[in-house]
Amino acid sequence: MSVVGLDIGNENCAIAVAKRGGIDVLLNDESKRETPAVVSFGEKQRFLGSAGAAFATTNPKSTISQIKRLIGKLYKDPSVQEDLRLLPFDTSESSHGGILIHIKYLSEIWTFMPVEILGMLFAHLKQVIEKNIGSQVVDCVIGIPSYFTDFQRREYLDAAYIAGLRPLKLMHDCTAVALGYGMYKTDFSNKRRTNVMFVDIGHSDTQVMVAAFEKGKMTVLSHSFDQNLGGRDFDEVLFRHFAAKFKEQYNIDVCSNSRASTRLRTSCEKLMKILSANMEAQLSIECLIDGKDVSGFITREEFERLSLDLLERVSVACCNAVYDYGLSFDEIHTIELVGSGSRIPAIVRKLTSLFGKEPMRTLNGSECVARGCALSCAMLSPTFRVQDYKVQDIFPYTIGLRFHDDENKRHPEITPFPKGTPFPCNKMLPFHGWSTSYCQFFYTNNTYFPIGVSPYIGYFMIGPSQPLTAEKVVVKVNMQININGIVEIESALILEDEHTSCKNSSYFHSWMRMANTLTDRKHIGSSLSTSHHVEESRRAWVRRQYLPVSKNLDVVITKDGLRVFQGRLQMLEENDIKAEKTKEIRNILESFIYDTRTKFQSSYRSVTTDAEADEIIRSLQGTEDWLYEEGDDESEQVYIGKLEDLKKLLDPIENRYKDETTRKEVMKALHTCIQENRLAADSLPPSQKKEVIDECIQSEWWLTNLSKLQDSLPKNMTPIYCSSAISGIMQAFRSTFKAIMRSKPSLPKCNESVDSDRKRDPDANRVAFVVDIISFNRIVWPASF
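Residues numbered from 1 in each chain as written. Predicted model: local features only at pLDDT ≥ 70, side-chain atom pairs only at ≥ 80, totals over all residues. Heavy atoms only, no water.

## Some points on the overall build of the protein
Applied cut-off: Put simply, DSSP H or I for four residues or longer makes a helix, DSSP E for two residues or longer makes a strand, and each gets a number counted from the N terminus. Summary of the burial criterion: residues with accessible area below 20% of their type's maximum are buried, those above 50% are exposed, and those between are partly exposed, where the area comes from a 1.4 Å probe applied to protein chains only. Working rule for contacts: check all heavy atoms of both residues, and any pair within 4.5 Å makes them a contact. Accessible areas in this description were obtained via Shrake-Rupley with a 1.4 Å probe; residue shielding takes into account the shown protein chains only.
Across its full length, the protein carries 19 helices and 28 strands. The buried share among the 785 residues of the protein stands at 50%. The contacts in the protein between residues at least 6 apart in sequence include a share of 70% that link residues at least 24 apart. By element, 51% of the accessible surface of the protein is carried by carbon and sulfur atoms, the whole surface being about 37,800 Å².

Now the structure itself:
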């Protein structure tokens, strides 16, 4: 079995599989280790991954990329509007404030949510995995940015559900990188921690994490990020520079044309890679707009001057990660630099001057997240045995809580999970009231929370409860941040104090203070048991009652909605398969036309009459003309019908050609059999020898005359005897000599040489024996002979 780690990048995706021999990065259909995160809609089918990326230039409005930037975002979010300005496809705002993507497909306008597109991408990666490993895949671990909100995390899980995957965990990208780094390191000390900073500069974001390593253990100390700073922002610097230059030099506005903008951005991405290794670079694009060829030149020094603001933002993210935990720069032992956007020399120099040490590149920058996720999946899977290694991650935001009830009482805000809380974790909190109540979770405002992102996590309903008679009632709410970083309420419990006197309930209140520190239901149960025992000794008791708790009520997509998306994805996949089959049979028909025309110019010409050749060539030309004109967009059945019509015309000629080749081989085998049996007759008694010789002479005479008569006829005529009839005669000839030589088993048998000929000639094995013209002991020759 295999377990899978997925890294869904903004530009590319990587897949790693943990096997019993280690961790491998899978190749896609183009034998590449990275798959573009692109979904493109053609006229009749979708193109995903590398095939979709090929359509980005020619079909930009129907090609969806950078979907990771739109997951769980609101349409009016300023960062979303900035992203949509750079993306060529059409969008609008949904009824709940989210994003809707509009695509023309199958001559209609289709509307998709970002979670659907991400589900399509997951389904494509699932197909790549199953094709590589040869078995179905369900369990996986998916890498996500540490700045993802609760809503974004839930949409990742929803997209995986649509694709038929079951994530065992959503793992922070830098945590996955650190796991792959620390698991195989053997030089960590047991006495002191080794602090390592991981700087991941991806295509669209920058994430920084500081982790403390000990032998067999890794603890995350802090997370920091800039979700709008990545390699594409440096590419955009080049894009704006050359767009302004071309407008001044060539009087063309690249930004007004989506196709030209896509081509220029693609060229700037390539130019960035050149500048990372060279001090200067040349840009040249043919026919950018209105047939105009453009060219430009830039030095690395000029590019770095244009990127000063971006470089400073990288430093800010790194400083925040150090300061959040109260560390100093000297306490950072090593800096590991990863990510597709991290190869800019100016970033390396900036970090070197900031920390006094040069960043290291000991990890594969584009595969380390997927490898770490695969390793985590192996640790969670019951089918794998992995060495003990403890990983403790922390949550990067502060989570606040408000209670609301039907009595409109004011309840103070609570902070159950401050920033830096290790997770997964549970916490018990009291709520004084017994009517139906609501819990509202939200991210508290702080400096590092993404601008424009909704801080609300969701609502949970608790209750209603059964009628209560106690004077003192407290509801204990057990809430958690689960393994995916998603906030949930696991249970709610009412505790009733049956005392009528506050003096008698003092122990109850002391127990309540103790319960606030408990973090799991098992401990609560044991404490309740102890409390109940002591209260009984004081002739007091505490009654408990579990309340119903709803799922998050602030959910945009329900399970029924996800099942609808699953059905639509299945329909699209079936349509893709149908389109591929149609395309395949069309290619077969096209190849058949070309191959047949070539055969008629060479091998088939000698066995074809002029009338047959004219008819077939005319049919081939007519089908070819139809195929490239009105038949270019037909159904699979129409192409199959055209192919069968051509084959019916060609079958007689193909049979004639094959029979001519096979007939020569069978006649040669019969002649060899005659010669071998004539030699074998010398060891027989006179009467049997004469009978054998007579049969050989008669067979040889027939074979000679048949060959002369057949050779005198044109090859395009039907043969006198087909190869199957000659094979039948040879079979009867063998049977005759078997009967004659049955008393001499040591004599050689002619079928040995014939069998060897058959082994050499696979066509002879397919010849059907014709025995209805043969008697058992004597060959019935044609009357003409």
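Still more to cover.
## A closer look at the nonpolar core
What counts here: Only buried Ala, Val, Leu, Ile, Met, Phe, Trp, Tyr and Cys residues count toward a nonpolar core, and they belong to the same one when joined by side-chain atoms within 4.5 Å.
Core analysis: the largest hydrophobic core is formed by 85 residues, its most contacted members being Leu6, Ile8, Phe122, Tyr156 and Phe441. Element by element, the count of residues in this core is highest for helix H3 (residues 114-133), at ten residues. In this view, isoleucine 8 contacts Cys13, Lys68, Leu118, Leu121, Phe122, Leu125, Ile142 and Tyr156; residues no more than four positions away in its chain are not counted. Judged by nonpolar contacts, the second largest core, of 51 residues, contains Met197, Cys318, Cys319 and Val348.

## Comments concerning the pattern of salt bridges
Quick reminder of the rule: Between Lys or Arg on one side and Asp or Glu on the other, a salt bridge is scored when a side-chain nitrogen of the former is within 4 Å of a carboxyl oxygen of the latter.
Enumeration over the complete set of coordinates arrives at 23 salt bridges. In this structure, the salt-bridge partner of aspartate 150 is arginine 154, at a minimum N-O distance of 2.7 Å. Remark: arginine 154 and aspartate 150 occur in helix H4 (residues 150-162); sequence separation between them is four residues, near one turn of the helix. On the accessibility criterion, aspartate 150 (1% relative accessible area) is buried. Linked through salt bridges whose partners overlap, the residues forming this network are Arg33, Glu367 and Arg371.

## Notes on unusual backbone geometry
Proline 424 follows phenylalanine 423 through a cis peptide bond whose omega is 5 degrees. Residue position: proline 424 is located in the loop between strand S22 (422-423) and strand S23 (425-431). Backbone geometry places glutamine 66, a non-glycine residue, at a positive phi of 55 degrees. Among the secondary structure elements, glutamine 66 is positioned in the loop between strand S7 (63-65) and helix H2 (78-86). With a phi angle near 50 degrees, cysteine 287 is a residue other than glycine that sits in the positive phi range. Note on cysteine 287: relative accessible area 45%, which makes it partly exposed.

## With respect to the sheet that holds strand S5 (residues 38-41)
What counts, and what does not: Two strands pair if DSSP finds at least two bridges between them. Helix axes are fitted to C-alpha atoms over the stretch in contact, other axes to C-alpha atoms as well, and angles between N-to-C directions run from 0 to 180 degrees.
Taken together, three strands build an open sheet; the order of strands is S6-S5-S7 and the sheet is antiparallel. In this open sheet, the two strands that pair with only one neighbour each are strand S6 (46-48) and S7. Across the sheet, the mean angle separating the axes of adjacent strands is 15 degrees when strand polarity is ignored. Sheet topology note: the S5/S6 ladder contains three bridges and is antiparallel. Within S6, the residue paired with serine 40 across the bridge is phenylalanine 47.

## Considering the packing of aromatic side chains
We describe a pair of aromatic rings using the distance from one ring centre to the other and the angle between the two ring planes. To be explicit about the condition: Pairing of aromatic rings covers Phe, Tyr and Trp, the last through its six-membered ring, and needs centres within 6.5 Å; plane angles under 30 degrees mean stacked, over 60 mean edge-to-face, and all others mean tilted. Only when the NZ atom of a Lys or the CZ atom of an Arg is both within 6 Å of the ring centre and within 35 degrees of the ring normal do we say a charge sits over the ring.
Within the structure shown, the criterion is met by 26 aromatic pairs. Between arginine 265 and the ring centre of phenylalanine 239, over which it is positioned, the NZ or CZ distance is 3.9 Å. Positioned above the aromatic ring of tryptophan 626 is the side chain of lysine 642, whose terminal nitrogen or guanidinium carbon lies 4.8 Å from the ring centre.

## A few points about the packing of H3 against H4
Heads up, the rule is: Angles below 35 degrees are treated as roughly parallel, those above 145 as roughly antiparallel, those between 65 and 115 as roughly perpendicular, and all remaining angles as oblique. Here is the rule for handedness: rotate from the far helix to the near one, and if that takes an anticlockwise turn smaller than a right angle the crossing is left-handed, while a clockwise turn gives right-handed. Only Asp, Glu, Lys and Arg are considered charged in this grouping, and only Ala, Val, Leu, Ile, Met, Phe, Trp, Tyr, Cys and Pro are considered nonpolar; every other residue, Gly among them, is considered polar.
Axis separation between H3 and H4 bottoms out at 8 Å; the angle between their running directions is 50 degrees. Between H3 and H4, the angle is such that the two are oblique. Like other packed secondary-structure pairs, H3 and H4 cross with a definite hand, here right-handed. On H4, the residues that touch Val115, Leu118, Gly119 and Phe122 of H3 are Glu155, Tyr156, Asp158, Ala159, Ala160 and Ile162. Among the residues making up the contact of H3 with H4, the classes are represented as seven nonpolar, one polar and two charged.

## So, the pairing of strand S17 (residues 292-299)
Pairing analysis gives seven bridges linking strand S16 (residues 280-289) to S17, with the strands arranged antiparallel. Bridging across to S17, serine 284 finds its partner in serine 295. Here S16 folds back onto S17, and the loop between the two strands holds two residues, one of which, aspartate 290, carries a positive phi near 55 degrees.

## Re the environment of asparagine 478
If you trace the backbone, asparagine 478 turns up in strand S26 (residues 472-481). Separated by twelve residues in the primary sequence, asparagine 478 and glutamate 490 have C-alpha atoms spaced 5.6 Å apart.

## Points about the side chain of histidine 172
Threshold: We define a polar contact as two N or O atoms separated by no more than 3.5 Å, with the added condition that, inside protein, one atom must be a possible hydrogen donor and the other a possible acceptor, whereas residues neighbouring each other in sequence contribute only through side-chain atom pairs.
Here histidine 172 lies in strand S12 (residues 166-172). A distance of 3.0 Å separates polar atoms of two side chains, one belonging to histidine 172 and the other to arginine 153. Not counting residues within four places of it along the chain, the set of residues in contact with histidine 172 comprises Ile144, Pro145, Ser146, Arg153, His223, Asp393, Ile394, Pro396 and Phe423.

## Examining the packing of helix H15 (residues 610-628) against helix H16 (residues 636-680)
It is at 11 Å that the axes of H15 and H16 come closest, and there the two elements cross at 160 degrees. As the angle between them shows, H15 and H16 are arranged roughly antiparallel. Judged by the sense of rotation from one axis to the other, the crossing of H15 with H16 is left-handed. For the pair formed by H15 and H16, the contact residues are Glu612, Glu615, Ile616, Ser619, Leu620, Thr623, Trp626 and Leu627 on the first element and Val638, Tyr639, Lys642, Leu646, Leu649, Leu650, Ile653 and Arg656 on the second.

## Remarks on the environment of asparagine 445
Along the chain, the position of asparagine 445 falls in the loop between strand S24 (437-443) and strand S25 (456-462). Taking C-alpha positions, asparagine 445 is 9.5 Å from isoleucine 399, a pair spaced 46 residues apart along the chain.

## Focus on the environment of glutamate 130
Note that glutamate 130 resides in helix H3. In contact with glutamate 130, other than residues within four places in its own chain, are Ser135, Gln136 and Val137.

## Re the state of the cysteines
Which entries qualify depends on this criterion: Cysteine sulfur atoms that come within 2.5 Å of each other are treated as a disulfide pair.
All chains considered together, the criterion is met by zero disulfides. Free of any disulfide, cysteine 368 has its nearest cysteine sulfur in cysteine 174, 8.6 Å distant.

## Some points on the side chain of serine 376
Within the secondary structure, serine 376 is located in helix H11 (residues 368-380). Its relative accessible area of 5% is what places serine 376 among the buried residues. Leave out the neighbours within four places in its chain, and serine 376 touches Val141, Lys169, Met171 and Leu179.

## Focus: the sheet that holds strand S8 (residues 90-93)
Here we have three strands laid out as an open sheet, ordered S8-S9-S10, and antiparallel in their pairing. Looking at strand neighbours, the two that pair on one side only are S8 and strand S10 (108-112), the edges of this open sheet. For this sheet the average axis-to-axis angle between neighbouring strands, irrespective of direction, equals 35 degrees. Relative to S10, strand S9 (residues 99-105) runs antiparallel, the two being bridged by five bridges. The residue bridging histidine 102 from the neighbouring strand is threonine 111, located in S10.

## Overview of H15
Applicable threshold: To estimate the expected span of a helix, count its residues, drop one, and scale the result by 1.5 Å.
Its 19 residues place the ends of H15 27 Å apart at the C-alpha level, agreeing with the 27 Å of an ideal helix rising 1.5 Å per residue. Within H15, burial applies to Ala613, Ile616, Leu620, Thr623, Glu624, Trp626 and Leu627. Those residues of H15 that are buried are in contact with helix H14 (559-600) and H16.

## Remarks on the confidence of the model for the protein
Put simply, the test is: A residue's pLDDT is the predictor's confidence in that residue, given on a scale from 0 to 100.
Chain-level statistics for the protein give a pLDDT mean of 82 and a share of 83% at 70 or above. This model gives residues 500-541 a pLDDT under 50, and the stretch forms 54 contacts once residues within four places in sequence are excluded. Low pLDDT (under 50) marks residues 745-785, which in the prediction has 62 contacts with non-local residues, meaning those over four places away or in another chain.

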